[in-house]
Amino acid sequence: MEKLPLYDSATVKVWSPAESTVQISTDRIKQAASSLHWHITVDYLAGEAKYPIGWPRVGRALPAGPLRDWSGWDYLHVWVYTATNRDNLPLIPAGLGLHTPDRTGAYQRTLSELKKDEWVEIRLPLTQIPRHHDVRHIQFHVAESNYRHGDRLDFYFSDLALLRYAVPTLLEVAPESSVLFTDTARIPVRLHLAGVPSNSRADVICELRRGGQVVFLMPVSATRGVQQVVITPKPQSLVAGDYEVHAHLAGQTQTTVARVRLVDSPWK
């Protein structure tokens, strides 16, 4: 995997906390030389005047250029360690927000998978984030209403970065419909291909198999990302039953498999 860091110790000053503090830490690290330590003491009496039970947060603006354009990457990745004086964390311990490109078009995600006194890895597919070609701000936040007055929280963010595959990799193959008629001339299939440079293509071999035997084979030319290809077998070669769609990159042996069922057509 190739990596583009979104945090390092030299850029800690660009992270701005509110109702909380942030600093560099080497006490708790995971796959990085340092972590971003975000400390919160929940205070129902302080905070903004209109919202004393508020939203402690920490974030940074992303400058125009490589740090803002995530379209060439596959994942947003971070390790998070959570320490607290509570016995356990609430259902929603924290959240992630991205301005894509502004607050009106923001992407929000709860970090409900966080656990007390454990490192948790978050690897978010960028295909889930609309407009990730223009990410202008990243922020972590908590809702004090989910906590008790006086609760203490320490989040450690380590190895915060964008990741992408360095070599062509087929991540998914899936039929657009899991059940089709035997007289079909088209089997639409969704492919998710990573690790292919922009403006380049890779050859993918698609096979339709039944009982371990190849019924139809078709090479397709695919680009990076999620796309639809159509397998076009001869209808007279198909009978009712369970089939498998096998797909692999040309020159590679690793195969991705999906299942599809064909049923007798009422028009035959």
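These remarks concern the structure in this document. The model shown is predicted, which means the values in this text are computed figures rather than measured ones. (Residues numbered from 1 in each chain as written. Predicted model: local features only at pLDDT ≥ 70, side-chain atom pairs only at ≥ 80, totals over all residues. Heavy atoms only, no water.)

Here we come to the side chain of T82. As for its position among the elements, T82 is in strand β6 (residues 75-84). Beyond its immediate sequence surroundings of up to four residues, T82 is in contact with L89, L114, K115, K116, D117, E118, D154 and F155. (Helix = DSSP H or I, 4+ residues; strand = E, 2+ residues; numbered from the N terminus. Contact = heavy atoms within 4.5 Å.)

With that settled, consider empty space enclosed by the protein. A complete count under the given rule lists one cavity of 30 Å³ or more for this structure. In terms of lining, the largest cavity is formed by L76, H77, V78, L96, L111, I122, L124, I138, F140 and L160. Counting residues per element, the ones that place at least two in the lining of the largest cavity are β6, β9 (119-125) and β10 (137-141). In terms of residues, the lining of the largest cavity owes the most to one element, β6, which gives three residues. Taken together, the residues of the lining of the largest cavity sort by class into nine nonpolar, one polar and no charged. (1 Å grid on protein atoms, 1.4 Å probe; cavity = no way out; pocket = protein on both sides within 12 Å on 5 of 7 lines; lining within 4 Å. Points joined across faces, edges and corners; volume = space filled by probe spheres on them. Nonpolar A, V, L, I, M, F, W, Y, C, P; charged D, E, K, R; others polar.)

With that settled, the discussion passes to the packing of aromatic side chains. Under the definition given, this model contains seven aromatic pairs. The interplanar angle of 20° and the centroid separation of 4.2 Å between the aromatic rings of F140 and F157 together place this pair among those described as stacked. Here F140, found in strand β10, pairs with F157, found in strand β11 (residues 152-164); they are 17 residues apart in sequence, far enough to count as distant. Of the two residues, F140 and F157, neither departs from the other in class, the shared state being buried. Taken together, a centroid distance of 6.4 Å and an interplanar angle of 15° make the contact between F155 and F157 stacked. In this pair, the class of F155 matches that of F157, namely buried. By the ring-pair criterion, three or more aromatic residues cluster together here, those being W38, F140, F155 and F157. Above the ring of W79, the side-chain terminus of K30 is found at 4.8 Å from the ring centroid. Sitting over the face of the ring of Y75, R123 holds its NZ or CZ atom 5.1 Å from the ring centroid. (Phe/Tyr/Trp six-rings, centres within 6.5 Å; stacked < 30°, edge-to-face > 60°. Buried < 20%, exposed > 50% of the residue type's maximum accessible area, 1.4 Å probe, protein only. Lys NZ or Arg CZ within 6 Å of the ring centre and 35° of its normal.)

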